[in-house]
Amino acid sequence: MCKAIINRVDLGKRVVGYELYSYDSGEILGLTVSQIKALAESGEKVLGVRFEGKELLLDGTHTRNIMVKTGVGNFRPLVPDESLAATVIYTVLAFDEGRGLYETINSRFGRRWVNEDTLRVYLGFTCVNGITLEDGKLKLCEGVKVTNPKRQEAKGKG
């Protein structure tokens, strides 16, 4: 189905690879830039990235920032941002429309279902990928799964 970028992994000054969430298996995959590019070229959807030649870049829409792992428990944002009050970034994976809950995964792989109020709190202290804020309303980015859709009420039979 698709994968979503979560973190970059560095060894010293060298980029070793990236950690991606797999929607198919629910696991975290460690992949190199070449492997991610091959996935994208094969038609697999990789949320949050785009390529310029061989260079992997964040797409800026679905994913605006990710954490870089530089050691065990050491994280820093890829895009320096003084407004980040935490060393954790969230990604919205799915929206359960019937319950009004968002499934999130953070840069330390904690998964949790949260309501809109909690998601707005997250937006106040860190980056949240997979959503945008437009005119004060949360909007899901392409690729975020929508489950349990609300039933459309039948139009009045006047």
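In the block above lies the structure referred to throughout.
Residue positions are given per chain, counting from 1 as you read along its sequence in written order. Where local features are concerned, this predicted model is filtered to residues with pLDDT of at least 70; where side-chain atom pairs are given and counted, the filter is 80 or more; whole-chain, interface and lining totals use all residues. For the side-chain quantities, the full set of heavy atoms in the structure was used; hydrogens and water were omitted.

Asks: What exactly am I supposed to notice about the overall build of the chain here?
Replies: Runs of E in the DSSP output that reach at least two residues are strands. Runs of H or I that reach at least four are helices, and both are numbered from the N terminus. A count of helical and extended segments in the chain gives two helices and 15 strands. In terms of C-alpha radius of gyration, the chain reaches 17 Å, essentially the compact-globule figure of 15 Å for 158 residues. C-alpha extents for the chain along the principal axes are approximately 70 × 40 × 25 Å. Whether a residue is buried, partly exposed or exposed follows from its accessible area with a 1.4 Å probe, protein chains only, as a fraction of its type maximum: under 20%, in between, or over 50%, in that order. Within the chain, the proportion of its 158 residues that are buried is 40%. Contacts are assigned to residue pairs with any non-hydrogen atoms lying within 4.5 Å of each other. A sequence separation of at least 24 residues applies to 42% of the contacts in the chain between residues at least 6 apart. Across the chain, the centroid of the 23 positively charged side chains sits 2 Å from that of the 20 negatively charged ones. Between the two quantities, the radius of gyration covers C-alpha atoms and the globule rule is 2.2 Å times the number of residues to the power 0.38. Residues counted as positive are Lys and Arg, residues counted as negative are Asp and Glu, and His and the chain ends are not counted. Every charge is mapped onto a representative atom, which is NZ of Lys, CZ of Arg, CG of Asp or CD of Glu.

Asks: It is not clear to me how the environment of C127 should be interpreted in this structure. Could you clarify?
Replies: On the secondary structure map, C127 appears in the loop between α2 (116-125) and β12 (128-129). The exposure class assigned to C127 is buried, which follows from its relative accessible area of 12%. Expressed as a C-alpha distance, the spacing of C127 and Y90, which sit 37 residues apart in the sequence, is 6.5 Å. The residues contacting C127, other than those within four sequence positions of it, are R64, N65, L84, I89 and Y90.

Asks: What am I meant to see in the packing of aromatic side chains here?
Replies: Aromatic ring pairs are defined here through the distance separating the ring centres and the angle between the ring planes. Put simply, two rings from Phe, Tyr or Trp (the six-membered ring, in Trp's case) pair if the centres are within 6.5 Å, and we call them stacked under 30 degrees between planes, edge-to-face over 60, tilted for the rest. Per the stated rule, a full pass over the model turns up four aromatic pairs. Ring geometry for Y90 against Y122: centres 3.9 Å apart, planes inclined by 10°, an arrangement best described as stacked. Placement of the pair is Y90 in strand β9 (residues 90-96) and Y122 in helix α2, with a sequence separation of 32 residues. Assigned by exposure class, Y90 and Y122 land together as buried.

Asks: Can you walk me through unusual backbone geometry in this structure?
Replies: Of all residues except glycine, most have a negative phi; of all peptide bonds, most are trans. Located in the positive-phi region is F109, a residue other than glycine, with phi close to 75°. The phi angle at D135 is positive, at roughly 50°, despite the residue not being glycine. Turning to its location among the elements, D135 is positioned in the loop between β13 (131-134) and β14 (137-140).

Asks: Explain the pairing of strand β2 (residues 14-22) to me, please; I cannot follow it from the model alone.
Replies: On a regular strand, each side chain points to the face opposite its neighbour's, so the side chains alternate between the two faces of the sheet. Sheet topology places strand β1 (residues 2-11) next to β2; eight bridges connect them, and they run antiparallel. By the bridge assignment, D10 is partnered in β2 with V15. Hairpin geometry of β1 and β2 is characterised by an intervening segment of two residues between the two adjacent antiparallel strands and by a positive phi of about 65° at G12. Across four bridges, the pairing between β2 and strand β3 (residues 28-31) is antiparallel. The partner of L20 across the bridge, within β3, is L29. Two strands make a pair as long as DSSP finds a minimum of two bridges between them. Following β2, the chain reverses through five residues before pairing antiparallel with β3; G26 in that reversal takes a positive phi of roughly 75°.

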